[in-house]
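Survey of secondary and tertiary structure
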Amino acid sequence: MRPFKLLVHRWLRAAAAHWPYYLVLIGLALLCRSFAANSGGQFTKALEALRVARESGVSARAEDYARVWLPTVGRWWFFVSLALILAGPWLIGWEKDPLVQREDDDQPKARRWLWLVSFIMMAASAVLNAPRLFNSFWMDEESTARRFVVGDFRHGSDASPRWAEPSWERTIFYYRDPNNHPLFSILARLCHSALPTPQEPESFHFREWTIRLPAYLAGIAGLGLVAWLAVVLRMPRAGMLAVVWLAMHPWHVRYGVDARGYALLFTLLPASLGCLCRAIQTGRMNWWLGYGVLEFLVLWAYPGTLYFVASFNVAVAGLMMTSIVPRLARGQQWLRFVAANLIGAMFTTLLLGPCVEPMLNYLQYDRIRGVLDARWVAETCSGLFTGQPWVAWADHELVIAWMRTWTESPWFVVLTFGALAVVLGTGVLACWRRGVTHRWILGHSLMLGPFMYLMATAQGNILYPWYLLLCLPGLALIMGAGLEAAMVKPWGRAWIAAFMGLWAVVTWPQANLLRSHSIEPMRESVEATRQIRNARMASLNDVLTVSLAFPAKLYDPAAIQVKTVDELRAVMDRADREHRPLFVNFADKGLLDLRSPDMSAFLDDSKNFQALPPFVGIHGQFERRVLRYRGKTMP
C-alpha cells in the first residue's frame, strides 16, 4: 500500500500546486459526460438526417451536426480528460515552477505613464466610439443579428409575419457560411435577451446597441490588454505609443464596434500573447493554461484565426528551443505546452467540430474564388496601415480614399506612407535588437499577413483585407517600438509629436465618418417607408414594401421578396386593389443593372415610380434606393 499512498500524496501535492489545471479538466470532463449522456432518440434522427444530406450533396441543419458530434466526441474526450487528470503530476509536475530565468521590470516610471495613457485612451474611445453603437446595421451585421441573435419573421398563409426564434444550437453551431462568429453571437444574444426591447409601434423590435455592446466593450478592453502585453514584453514606453496609435486607427473604430466577432480579437489576441510570454518567462502552469484556453476562444470568436493559431504554435515551438528557456526547465516547459494545447484542442473540437463539415462544403463554392493581384495588395496595405481604402468605392462626399487625395495633394500621400515606412522599419529593427522573444512574438504578427496571402493564393481563394485584423495588435507594438527608438535622439520627442500629429490628421476624417454615418443606411431607408415598424407589437400591413437586392429583412420583415418584373407587377396590382402605398427598397444599383437589366429599366421608368433621395452609405455598393409606386394611393 505504501507505493499507492505515495502516488496519492504526489497527486494531492500536484493538485494543490496547480488547482486551476485540475479544475478546468474536471469541468471539461463533466461537460463531455453530459454530452455523451444525450445520445438517445435525437441522436438517431440526426444521424439519419446527416446521411440523407450527404447523399444529396448539401449541408444538414446545424442542430443535426451538433446532436451527432457532441455525444460522439464527448464520449472520447471524457476518458482523455480523466487520463490528463490522473497523469497531471507526471505531465505538468508537482512543483509550482520549473527553473526559468526571470527578468525584473526596470522601468516603473514608464509603466505608470503607460497605464495612465491607456486609461485616457480607453475613456476617449468609449466616448468617441459610442455613437457607432446606434448606427444602422450593414449587410453582414444584419444577417448575423437576424439569423443567430434576434430571430426572424416569416410569412404565413395569411401574409402576417410569424416569429421564429433561432435555437441555441443554431446560434452556437451554424456554419454553412462564415457569417456566424459563434462566441460573439452567444454574447450578443445574451445581451439582447437581458436588456429591454422596444415596445413602441414606431420603433423596431430590437436595438442595435444591445447587440453591438459585446463588441464595443471588447474593443475598449483591447487597448488595455495591448498595454499589458507591452508590460509583459518589457517595453512600456513603446506600449504607451502603441495604445495611442491603435486607438486612433479607423479599423479599431469600425471593427471594434461592428456586430461581428472581429472586435473580440482586439481583446483575445493580446491576452493570448501575454499569457504565452508570461508562461515562457515564469514557467507557471497557470499561464500555460490561460494560453491554451485563449487559443480556443480566439478560434471560437473567429474560426478564420486557424492560420494564426497554427502558425503561432510553430513559432512557439521554435522559441522553446532557444536560450530563452534554460535547458534544465525545457523538458517541463514542453510538457506544459503540450498539456495546454491538449486542453485547447479538446474545447475546440467539441464546440467547433460540428462546424467543420458545413464549412468544407462552403469552400467548394465558386463565390470564394478570386485573384489577389496588385490592387488587392494596395487596398490591404492601405487599410492595415492607415484604415482608409486606396481606391474610392463611389464618387460622393462620404468616400475618403488615397487615390482621391493623390490627385489633390500627392506630396501628402508620399509624406504619410514615407513616415509610416520609416517607423515600421525602425520598429522591426528595434524589436530584433530587444531579444529572442520579441523576434518570435512580434515577428510572427508581421509575417502573418504574407503567410495568409500565400495560402490564399495557393488555394485560389479571396482574402478580404479586414481578415488581416489579426496582425493589428502586434503591428501597433512594432510601430510603438519604432517611435520609442527615437526617444534617445535629441530630436526624438519632436519627431514623435510630429508623427502623432500626422497620424491624427490622416485618421481622424475616416474615423469620424465611421462614427457619424452608417456604412449601409438600412434603418434610414425603412424609416422612410413605414410609420409602424415594430413587427412584434403591431401589424405591418398598412404599407406594402418590396425587396430586391440586399433586402433589409431585419428592419422590414414584412417586405415581399421579388425576383422578376412579373412578380413586381403582381404586387403593384395588389397595392391598387387594396389601396395601399407601395415602396421598393434595394441596394447596389450597379449590380442590379448587371444581373437584371429588365428589372432595372422597369424601375427607372418615372411613370411607374417616384425615386426618393438616395440613402448614401460609406461604401458605394451599400447606397440604398427607395422608390414609391405611382399607384392609386399616391396623389
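To start, this report covers the structure provided alongside it. (Residues numbered from 1 in each chain as written. Predicted model: local features only at pLDDT ≥ 70, side-chain atom pairs only at ≥ 80, totals over all residues. Heavy atoms only, no water.)

Looking only at helices and strands, the chain has 27 helices and seven strands in total. The C-alpha radius of gyration of the chain comes to 27 Å, within 12% of the 26 Å expected for a compact globule of 635 residues. Taken along the three principal axes of its C-alpha coordinates, the chain extends 90 × 70 × 45 Å. The 635 residues of the chain split such that 55% are buried. Within the chain, contacts between residues at least 6 apart in sequence are counted, and of these 75% link residues at least 24 apart. With the model as given, the accessible surface of the chain reaches about 28,000 Å², and the carbon-plus-sulfur share is 64%. Of the charged side chains in the chain, 63 are positive and 47 negative; the average position of the first set lies 10 Å away from that of the second. (Helix = DSSP H or I, 4+ residues; strand = E, 2+ residues; numbered from the N terminus. Rg over C-alpha atoms; globule rule 2.2 N^0.38 Å. Buried < 20%, exposed > 50% of the residue type's maximum accessible area, 1.4 Å probe, protein only. Contact = heavy atoms within 4.5 Å. Areas by Shrake-Rupley, 256 points an atom, 1.4 Å probe, with all protein chains shown as cover. Lys, Arg positive; Asp, Glu negative; His and termini not counted. Charge placed at Lys NZ, Arg CZ, Asp CG, Glu CD.)

Moving on: the pairing of strand β3 (residues 544-547). On β3, burial covers both faces: Leu544 and Val546 on one face and Thr545 and Ser547 on the other are all buried. Note: β3 against strand β5 (residues 582-587), four bridges, orientation parallel. Within β5, the residue paired with Leu544 across the bridge is Leu582. (Pairing = 2+ DSSP bridges.)

Moving on to a positive patch on the surface. A surface patch of like charges, here positive, comprises Lys109, Arg112, Arg237 and Arg493. By secondary structure assignment, the location of Arg493 is in helix α23 (residues 492-516). The class for Arg493 is exposed, based on a relative accessible area of 65%. (Patch = residues over 30% accessible without salt bridge, like charges linked within 9 Å, V, L, I, M, F, W, Y side chains within 5 Å. Salt bridge = Lys/Arg side-chain N within 4 Å of Asp/Glu carboxyl O.)

Grouped together as the largest cluster of nonpolar side chains are 147 residues, with contacts concentrated most on Tyr21, Ile211, Trp245, Trp288, Leu350, Leu472 and Phe499. At 14 residues, helix α13 (residues 262-282) tops the list of elements feeding residues into this core. Discounting residues that sit within four places of it in the chain, Ile211 has contacts with Phe137, Ala145, Val149, Val150, Phe184, Ala188, His192, Phe206 and Ala259. In terms of nonpolar packing, the next biggest core, distinct from the first, is built from 19 residues, Val562, Val571, Leu582 and Phe602 among them. (Core = buried A, V, L, I, M, F, W, Y, C linked by side-chain atoms within 4.5 Å.)

For helix α18 (residues 374-386), which comprises 13 residues, the first-to-last C-alpha distance of 18 Å matches the rise-based estimate of 18 Å (1.5 Å per residue) to within 8%. What α18 keeps buried is the set Trp376, Thr380, Ser382, Gly383, Leu384, Phe385 and Thr386. Immediately downstream of α18, the backbone of Gly387 shows phi near 80°, a positive value. (Expected span 1.5 Å × (residues − 1).)

Packing of helix α7 (residues 139-150) against helix α9 (residues 182-194) brings their axes to within 9 Å, and their N-to-C directions diverge by 70°. Taken together, the axis directions place α7 and α9 in an arrangement best described as roughly perpendicular. Packed against α7, whose contacting residues are Thr144, Phe148, Val149 and Val150, the element α9 presents Ser185, Ala188, Arg189 and His192 at the interface. Among the residues making up the contact of α7 with α9, the classes are represented as four nonpolar, three polar and one charged. (Axes fitted to C-alpha atoms, helices over the stretch in contact; angles between N-to-C directions. Parallel < 35°, antiparallel > 145°, perpendicular 65-115°, else oblique. Nonpolar A, V, L, I, M, F, W, Y, C, P; charged D, E, K, R; others polar.)

With that settled, the discussion passes to the sheet that holds β5. The strand order across the open sheet built from five strands is β4-β3-β5-β7-β6, with neighbouring strands paired in mixed fashion. Two strands lie at the open edges of the sheet, namely β4 (560-561) and β6 (609-611), each paired on one side alone. Taken together, the two bridges between β3 and β4 define a ladder with parallel strand orientation. Note that in β4 the partner of Val546 across the bridge is Ile560. Running at roughly 170° to β3, helix α25 (residues 565-578) makes contact with β3, β4, β5, β6 and β7 (624-629) of the sheet.

Positive phi, close to 55°, is recorded for His579, a residue that is not glycine. Relative to the elements of secondary structure, His579 occurs in the loop between α25 and β5. You can call His579 exposed: its relative accessible area is 54%. A positive phi angle is found at Asp588, which is not glycine, with a value near 60°. Residue Asp588 is classed as buried on the basis of its relative accessible area, which comes to 14%.

Moving on, we get to a nonpolar patch on the surface. A surface patch of nonpolar side chains, about 440 Å² in accessible area, is lined by Trp113, Leu116, Phe119 and Ile120. Turning to its location among the elements, Phe119 is positioned in helix α6 (residues 108-129).

Tallying each qualifying case throughout the model produces 25 salt bridges. One salt bridge connects Glu165 with Arg189, and the closest N-O pair in it is separated by 3.0 Å. Separated by 24 residues along the polypeptide, Glu165 in the loop between β2 (161-164) and α8 (168-173) and Arg189 in helix α9 bring together distant segments of the chain. The exposure class of Glu165 is exposed, given its relative accessible area of 54%. For the salt bridge of Arg624 with Glu520, the shortest nitrogen-to-oxygen distance reads 2.6 Å. Placement of the pair is Arg624 in strand β7 and Glu520 in the loop between α23 and α24 (522-527), with a sequence separation of 104 residues. As far as burial versus exposure is concerned, Arg624 and Glu520 are alike and both buried. Shared partners join several salt bridges into a network, and the residues in it are Glu208, Arg523, Glu524 and Glu527.

So, about the packing of helix α15 (residues 306-320) against helix α16 (residues 327-352). Close contact between α15 and α16 brings their axes to 11 Å; oriented N to C, the two are set at 165°. Comparing their axes, α16 and α15 come out roughly antiparallel. Considering how the two elements wind past one another, α15 and α16 form a crossing that is right-handed. Taken together, the residues of α16 that come into contact with α15 (itself represented by Asn313, Val316, Ala317 and Met320) are Arg330, Gln333, Trp334, Phe337 and Asn341. When its residues are assigned to classes, the contact of α15 with α16 shows five nonpolar, three polar and one charged. (Left-handed = near helix turned anticlockwise from the far one by under 90°.)

Our focus in this paragraph is the side chain of Ser547. Tracing the backbone shows Ser547 in strand β3. Residue contacts for Ser547: discarding those within four places in its chain leaves Ala552, Ala559, Ile560, Gln561, Val562 and Asn585.

To continue, consider the pairing of β5. When a strand is regular, its side chains alternate between the sheet's two faces. Most of β5 sits inside the fold, with six of its six residues counted as buried. Burial along β5 is two-sided: Leu582, Val584 and Phe586 facing one way and Phe583, Asn585 and Ala587 facing the other are all buried. Of the strand pairs in this sheet, β5 and β7 are connected by five bridges, and their pairing is antiparallel. Each residue of the ladder has a partner; that of Ala587, found in β7, is Arg624.

Treat this as a map of the structure, not an account of what it does.
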